[in-house]
Amino acid sequence: MTFCRITGTGSYLPGSPVSNDDLVARGIETSDEWIAERTGIRRRHFAADDEKSSDLALHACRRALEAAGRLAQDIDLIIVATSTPDQVFPSTACLLQNRLENRTAVAFDVQAVCAGFVYALTIAEKFIRSGSHKCALVVGSEVFSRILNWDDRGTCVLFGDGAGAVVLEASDEPGILSSVLHADGHYHDILSVPGTVCGGKVSGTPLLQMDGQAVFKFAVRVLGDTAIELMDAAKLPMTALDWLVPHQANVRILQSTARRLDLPMDKVVVTVADHGNTSAASVPLALDLAVRDGRIRRGQLVMLEGVGGGFTWGGALLRF
Ligand code: UT7
């Protein structure tokens, strides 16, 4: 049986941090107090006008490859999770493959919004376990600043840009112990960008809209359910978990989830204060941060969880 393990992580945040007060200075009718109290967010990063998802992804991938001791030529599968691709097509994964000077890896994008990275990781896991591929780059990269409605203070203060990546390789020892994915399109309209390009023009609304309270309740419920499902599938008790690395949208969502699972907050990796919500990039960004600062160590039991528009959600439990 072929298993698969994460052998390297990397991430990238563009530019300098933009504080809540900086947003006020830009004319948004909000306050540091409101944003910090309701969400835990203090700052976020925004890409420059000429920086695209593939640019952010390239930096994160180079760092992940270096950490894994791999060259871009070793990669035979590239999956990019993004809802803010560089172009309608080709995929950001193909553009990234070109920038990495790799001409052979299978490359495609996954669109599952903030659950995109766990979707991409689970797909890569299945490719590797089948024996068809051996060494994957799994990436979450977003420039959500491009799709924010700056006149909607209920959403524009929540998001940031960034990228995270992992190298996932075939292994004789188990790395990913269990993984689950879910979707329920019935909830398509509580978080969406309901626009597209049609006949050379934008059709519909090309900016993010959200029913914040509905999303909040949904996220708390499914993050808890998924964590239980992942531990049950691996036949392990919740107390065995060393680290929960959940999608970073709101610290209150993370606190409610930890309470429901009876998990102390010091086992939860929280980056939302410094990154805001970076959608598909948030989980690999948080993972890389906690690996590089020495919190997450080899052999520990780590759970990754995502939830986002669609609605889509899921996670993976792994022996790091
Ligand atoms: O990746 C998944 C994506 N998103 C999420 O997970 C987000 C989930 N939802 C949330 O995090 C929260 O629902 C929000 C942070 C978005 C909003 O928090 P809330 O406690 O649900 O606030 P609310 O929308 O009920 O608004 C409360 C008040 C309103 O004023 P009134 O009507 O009570 O006078 C809003 O107008 O706060 C006001 N408000 C703001 N005030 C200052 C909304 N946004 C802001 C703001 N600054 N940025």
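Residues numbered from 1 in each chain as written. Predicted model: local features only at pLDDT ≥ 70, side-chain atom pairs only at ≥ 80, totals over all residues. Heavy atoms only, no water.

### Some remarks on the packing of helix α7 (residues 212-233) against helix α8 (residues 251-261)
Okay, so step 1: Two elements in contact, α7 and α8, have axes separated by 9 Å at closest approach and are oriented at 40°. In terms of their interaxial angle, α7 and α8 are classed as oblique. As for how α7 packs across α8, the hand of that crossing is right-handed. Contacts from Phe216, Ala219, Val220, Arg221, Leu223, Gly224, Asp225, Ala227 and Ile228 in α7 reach Arg252, Ile253, Ser256, Thr257, Arg260 and Leu261 in α8.
Okay, so step 2: Among the residues forming the contact of α7 with α8, the class breakdown is 8 nonpolar, 3 polar and 4 charged. (Axes fitted to C-alpha atoms, helices over the stretch in contact; angles between N-to-C directions. Helix = DSSP H or I, 4+ residues; strand = E, 2+ residues; numbered from the N terminus. Parallel < 35°, antiparallel > 145°, perpendicular 65-115°, else oblique. Left-handed = near helix turned anticlockwise from the far one by under 90°. Contact = heavy atoms within 4.5 Å. Nonpolar A, V, L, I, M, F, W, Y, C, P; charged D, E, K, R; others polar.)

### A word on the side chain of Gln97
Okay, so step 1: With respect to the helices and strands, the residue Gln97 is situated in helix α4 (residues 92-99).
Okay, so step 2: Apart from residues lying up to four places away in sequence, Gln97 is in contact with Ile78, Asn102, Arg103, Thr104, Ala105 and Ala107.

### A look at the sheet that holds strand β8 (residues 176-183)
Okay, so step 1: The strand order across the open sheet built from 4 strands is β8-β15-β14-β13, with neighbouring strands paired in mixed fashion. The open sheet is flanked by β8 and β13 (243-246), the only strands paired with a single partner. Between one strand axis and the next, the sheet turns by 10° as a mean value, whatever way the strands run.
Okay, so step 2: One ladder, built from 8 bridges, connects strand β14 (residues 301-308) with strand β15 (residues 312-319); its direction is antiparallel. Following the sheet pairing, Gly306 is matched in β15 by Gly314. (Pairing = 2+ DSSP bridges.)

### Some thoughts on the confidence of the model for the chain
Okay, so step 1: Summary statistics for the chain give a mean pLDDT of 98 and a share of 100% for residues scoring 70 or more.
Okay, so step 2: Mean pLDDT across the secondary structure elements of the chain bottoms out at strand β10 (residues 195-198), with 95, and peaks at strand β4 (residues 77-81), with 99. (pLDDT = per-residue confidence, 0-100.)

### Digging into the site of the ligand
Okay, so step 1: Looking at the ligand, there are 22 residues lining it, with Thr30, Arg38, Gln213, His247 and Asn250 nearest.
Okay, so step 2: One of the backbone nitrogen or oxygen atoms of Arg153 is found 2.9 Å away from a nitrogen atom of the ligand.
Okay, so step 3: Contact distances for the ligand include 2.6 Å between an oxygen atom and a side-chain N or O atom of Gln213.
Okay, so step 4: Starting from 960 Å² of accessible surface for the ligand in isolation, the protein chains cover 72%. (Near = heavy atom within 4 Å. Polar contact = N/O pair within 3.5 Å; in protein donor to acceptor, adjacent residues only side chain to side chain. Areas by Shrake-Rupley, 256 points an atom, 1.4 Å probe, with all protein chains shown as cover.)

### Description of the pattern of salt bridges
When the charged atoms of two side chains lie near each other, side chains of opposite charge can form a pair.
Okay, so step 1: Enumeration according to the criterion identifies 10 salt bridges in this entry.
Okay, so step 2: As a salt-bridge pair, Arg292 and Asp288 come within 2.7 Å of each other at their nearest N and O atoms. Highlighted residues: Arg292 and Asp288, both in helix α10 (residues 282-292), separated by 4 residues, approximately one helical turn.
Okay, so step 3: Looking at Asp288, the relative accessible area reads 3%, which means it is buried.
Okay, so step 4: When salt bridges with common partners are traced through the structure, they connect Arg70, Asp74 and Glu169 into a single cluster. (Salt bridge = Lys/Arg side-chain N within 4 Å of Asp/Glu carboxyl O. Buried < 20%, exposed > 50% of the residue type's maximum accessible area, 1.4 Å probe, protein only.)

### Description of the nonpolar core
Taken as a class, soluble globular proteins show a tendency for nonpolar side chains to be buried jointly.
Okay, so step 1: The biggest cluster of nonpolar side chains holds 34 residues, and the ones touching the most others in it are Leu168 and Leu304.
Okay, so step 2: Here Leu168 is in contact with Cys4, Arg5, Ile6, Leu121, Ala124, Glu125, Ile128, Lys134, Cys135, Ala136, Val138 and Ile176, once residues within four sequence places are set aside.
Okay, so step 3: Membership of the second largest hydrophobic core comes to 30 residues, among which are Val113, Phe144, Phe218 and Phe311. (Core = buried A, V, L, I, M, F, W, Y, C linked by side-chain atoms within 4.5 Å.)

### Some details on the pairing of strand β1 (residues 3-12)
Okay, so step 1: Across the 10 residues of β1, 8 count as buried, placing the element largely inside the fold.
Okay, so step 2: Note that β1 and strand β7 (residues 161-171) share 9 bridges and pair antiparallel. Directly across from Ser11, in β7, lies its bridge partner Gly164.

### Things to note about the environment of Pro17
Okay, so step 1: Following the sequence through the fold, Pro17 ends up in strand β2 (residues 17-19).
Okay, so step 2: In this structure Pro17 comes out as partly exposed when scored by relative accessible area, which is 46%.
Okay, so step 3: Separated by 25 residues in the primary sequence, Pro17 and Arg42 have C-alpha atoms spaced 9.4 Å apart.
Okay, so step 4: In contact with Pro17, not counting residues within four places along its chain, are Asp22, Arg43, Arg44 and His45.

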